[in-house]
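Residues per chain, in single letters:
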Amino acid sequence: MSVKDTKAEVNTITYDKDKIEEKVGSIYEAIVIMGKRAEQINAEIRTELHNKLDEFAVHNSTLEEVFENREQIEISKHYEKLPKPTSIAIQEWLDGEVYFRKTEERN
């Protein structure tokens, strides 16, 4: 799922605890899984943003020259308006789009 196509909330909302924990039986386990997914989403967004900003980067050898790059500002504003990675991870979890597996404990 693309970050831009997500229906995740931009604002903070309250979620039903029972819906979150029903897949694994423990709210704590669900939070850990969603947290790891949020880290993955954040890394994807960060990489995508840096790649787009690098396209418009001005590489100068002098520090005195500061250029205001309009394209970089618009791209940054667009990414600021996207839902937070945690919101996207929660929505993916509730929609059943997160793959996870439990590793067996070794004794």
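Residues numbered from 1 in each chain as written. Predicted model: local features only at pLDDT ≥ 70, side-chain atom pairs only at ≥ 80, totals over all residues. Heavy atoms only, no water.

Under an unreviewed UniProt entry, the protein has the name DNA-directed RNA polymerase subunit omega and belongs to Chryseobacterium aquaeductus. A UniProt comment under Sequence similarities (unreviewed entry) is attached to the protein, and it reads "Belongs to the RNA polymerase subunit omega family." We quote the UniProt Catalytic activity (unreviewed entry) comment for the protein here in full: "RNA(n) + a ribonucleoside 5'-triphosphate = RNA(n+1) + diphosphate". (UniProt positions renumbered as here; feature names shortened; annotations may be inferred.)

Peer 1: What exactly am I supposed to notice about the nonpolar core here?
Peer 2: Judged by nonpolar contacts, A8, A38, I41, I45, L53, I75, Y79, L82, I88 and A89 together constitute the single largest core of 10 residues. Counting only elements with at least two residues in this core, the list comes to α2 (27-55), α3 (70-81) and α4 (85-94). Looking at this core, the element that brings in the most residues is α2, giving four residues. Counting nine residues, the second largest nonpolar core, distinct from the first, contains A30, I33, I90 and W93. (Core = buried A, V, L, I, M, F, W, Y, C linked by side-chain atoms within 4.5 Å. Buried < 20%, exposed > 50% of the residue type's maximum accessible area, 1.4 Å probe, protein only. Helix = DSSP H or I, 4+ residues; strand = E, 2+ residues; numbered from the N terminus.)

Peer 1: Would you mind showing me how to read the packing of α2 against α4 here?
Peer 2: In a packed pair of helices, the relevant descriptors are the angle between the two axes and the axis-to-axis distance. Relative orientation of the contacting elements α2 and α4 amounts to 125°, with a least axis distance of 8 Å. Taken together, the axes of α2 and α4 lie oblique to each other. The interaxial crossing formed by α2 with α4 has right-handed handedness. Of the residues in α4, those in contact with A30, I33, M34, R37, A38, I41, N42 and I45 of α2 are P85, T86, I88, A89, I90, E92 and W93. Of the residues that constitute the contact of α2 with α4, the class distribution is 11 nonpolar, two polar and two charged. (Axes fitted to C-alpha atoms, helices over the stretch in contact; angles between N-to-C directions. Parallel < 35°, antiparallel > 145°, perpendicular 65-115°, else oblique. Left-handed = near helix turned anticlockwise from the far one by under 90°. Contact = heavy atoms within 4.5 Å. Nonpolar A, V, L, I, M, F, W, Y, C, P; charged D, E, K, R; others polar.)

Peer 1: Sorry, what's going on with the packing of aromatic side chains here?
Peer 2: Within a pair of aromatic rings, the relevant descriptors are the distance that separates the centres and the angle that separates the planes. The full count for this structure, using the stated rule, is one aromatic pair. Judged by centre distance (5.3 Å) and plane angle (45°), the rings of W93 and F100 are tilted. The class for W93 is buried, based on a relative accessible area of 1%. You can call F100 partly exposed: its relative accessible area is 27%. Here K23 stacks its cationic end above the ring of W93, 4.9 Å away from the centre of that ring. (Phe/Tyr/Trp six-rings, centres within 6.5 Å; stacked < 30°, edge-to-face > 60°. Lys NZ or Arg CZ within 6 Å of the ring centre and 35° of its normal.)

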